[in-house]
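Per-entry structural report
So you can see what is in the structure, the chains are spelled out below.
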Amino acid sequence: SSNNQSQARPGDISTQTPDQKISEKDIFVRASLNKSTVYEQEAVECVLKLYTRYDGISSFNQTTPESYEGFLIEEVELKENPVNIEHYNGQNYRVVDLRKYILFPQKAGKLTLKTGTYDIVVQQFERINNGYFYMTRPIERSVKLPSSDVVINVKALPSSAPFDFDNAVGKFEVSSNLTTQELRTNEAATLTYNISGTGNIKYINTPKVTFPDEFQQYTPNKNVEARVSGSNVTGKMTIEYTFVPEAVGEFEIKASPFVYFDPAKNEYITIELPSYNINVA
């Protein structure tokens, strides 16, 4: 009966005879998310998984790629793809993780992920009576899996953003240091910012620093080291501002505060940054 079939463990070959039509409930690919409502720029973990009730899969080809329109993507390297048993929609399935991503939505609204389409060959098992006992032999069947969609509801960041908001969403710390505050004209010095934390560290705007007109300034040198950690991205951004004073006197370098949005607290956090007084001889 169909009831027996739904309770059967996946891979029970008595339920996998060639007269059984392969339905979209027997084998499919879905995108599994760790959360379905997030803020713009807040990390979402997405795992693309194959669900199957079949023991044997003899070929597996992706025919159209998955689509993540409106997201910046960090792919996570899967070291191995173990087969797990998962209970989903009242059925047991063998499940394999195909790919894993951390996604950063770039705009508010309902954004759709598409899993892409697949051509798969599965094995069904025919029972043959050879006169003494029953044998089973595999019969290969081709299946086309359609793309399935999953919708992420992306909330706009609150409009109360302070003027200095740097597009940072997550949890961050900032420190700064200056090589020296005593300089001579035409001598170079460097002001360094270190932003570290968890979130969209790769996509943060460079903090705003105001240098005196008498200083020649070079394009800031930005370096980001980031890695996937759990269902988010953790790392450090270092920004070096190199400058050369061209006049004698006392000057001030002013830094705007660093502002980020913390989705866990639902609020903007402002970190004041020091200004530096420079004596130029």
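Procedures and definitions
Residues numbered from 1 in each chain as written. Predicted model: local features only at pLDDT ≥ 70, side-chain atom pairs only at ≥ 80, totals over all residues. Heavy atoms only, no water. Helix = DSSP H or I, 4+ residues; strand = E, 2+ residues; numbered from the N terminus. Rg over C-alpha atoms; globule rule 2.2 N^0.38 Å. Buried < 20%, exposed > 50% of the residue type's maximum accessible area, 1.4 Å probe, protein only. Contact = heavy atoms within 4.5 Å. Areas by Shrake-Rupley, 256 points an atom, 1.4 Å probe, with all protein chains shown as cover. Lys, Arg positive; Asp, Glu negative; His and termini not counted. Charge placed at Lys NZ, Arg CZ, Asp CG, Glu CD. Polar contact = N/O pair within 3.5 Å; in protein donor to acceptor, adjacent residues only side chain to side chain. Core = buried A, V, L, I, M, F, W, Y, C linked by side-chain atoms within 4.5 Å. Salt bridge = Lys/Arg side-chain N within 4 Å of Asp/Glu carboxyl O. Pairing = 2+ DSSP bridges. Axes fitted to C-alpha atoms, helices over the stretch in contact; angles between N-to-C directions.

**Observations regarding the overall build of the chain**
- Tallying secondary structure elements over the chain gives 1 helix and 22 strands in all.
- Taking 281 residues into account, the globule formula puts the C-alpha radius of gyration at 19 Å, and the chain, at 28 Å, lies well above it.
- Looking at the chain residue by residue over its 281 residues, the buried ones come to 41%.
- Summarising the internal contacts of the chain: among those between residues at least 6 apart in sequence, 74% fall at separations of at least 24.
- Total accessible area on the chain is roughly 15,000 Å²; 45% of this is exposed by carbon and sulfur atoms.
- Distance between charge centres in the chain, computed from 28 positive and 35 negative side chains, equals 10 Å.

**Observations concerning the side chain of Thr52**
- Residue placement: Thr52 occurs in strand E3 (residues 44-52).
- Since its relative accessible area comes to 5%, Thr52 is described here as buried.
- Here the side chain of Thr52 touches Tyr54 through a polar contact of 2.8 Å, landing on its backbone nitrogen.

**Some words on unusual backbone geometry**
- The phi dihedral of Asn186 falls on the positive side, at around 65 degrees, and the residue is not glycine.
- For Asn186, the location among the structural elements is in the loop between strand E13 (182-183) and strand E14 (189-199).
- Asn186 gets classed as exposed once you look at its relative accessible area, which sits at 59%.
- With a phi angle near 65 degrees, Asn266 is a residue other than glycine that sits in the positive phi range.

**Digging into the nonpolar core**
- In this structure, Leu191, Tyr193, Ile195, Phe243 and Phe258 are the most contacted members of the largest nonpolar core, which totals 33 residues.
- Among the secondary structure elements, those contributing two or more residues to this core are strand E7 (91-105), strand E12 (165-178), E14, strand E18 (232-245), strand E19 (249-255), strand E20 (258-262) and strand E22 (276-280).
- A total of 5 residues in this core trace back to one element, the largest contributor, which is E18.
- In this view, Tyr193 contacts Val174, Ser175, Ser176, Val209, Met237, Thr238, Ile239, Tyr241, Ala255 and Leu273; residues no more than four positions away in its chain are not counted.
- Counting 24 residues, the second largest nonpolar core, distinct from the first, contains Ile22, Tyr54, Leu111 and Tyr118.

**Description of the pattern of salt bridges**
- On inspection of all chains with the given rule, the structure shows 9 salt bridges.
- Note that Lys100 and Glu45 form a salt bridge whose closest N and O atoms lie 3.3 Å from each other. Residue Lys100 is located in strand E7, and its partner Glu45 is located in strand E3; the two are separated by 55 residues in the primary sequence.

**Brief notes about the pairing of E19**
- Across 2 bridges, the pairing between strand E15 (residues 209-210) and E19 is antiparallel. Directly across from Val209, in E19, lies its bridge partner Ala255.
- The sheet contact formed by E19 and E22 spans 5 bridges and is antiparallel. Within the sheet, the bridge partner assigned to Glu252 lies in E22 and is Asn277.

**So, the sheet that holds strand E11 (residues 149-155)**
- Read across the sheet, 3 strands follow the order E2-E11-E8 without closing on themselves; strand pairing throughout is mixed. Strands at the two margins of the open sheet, each flanked by one partner only, are strand E2 (37-39) and strand E8 (109-114). With strand direction ignored, the average angle separating the axes of adjacent strands in the sheet is 35 degrees.
- Taken together, the 6 bridges between E8 and E11 define a ladder with antiparallel strand orientation. Across the sheet, Leu111 pairs through a bridge with Ile152, a residue of E11.

That's the geometry; what it means functionally is another story.
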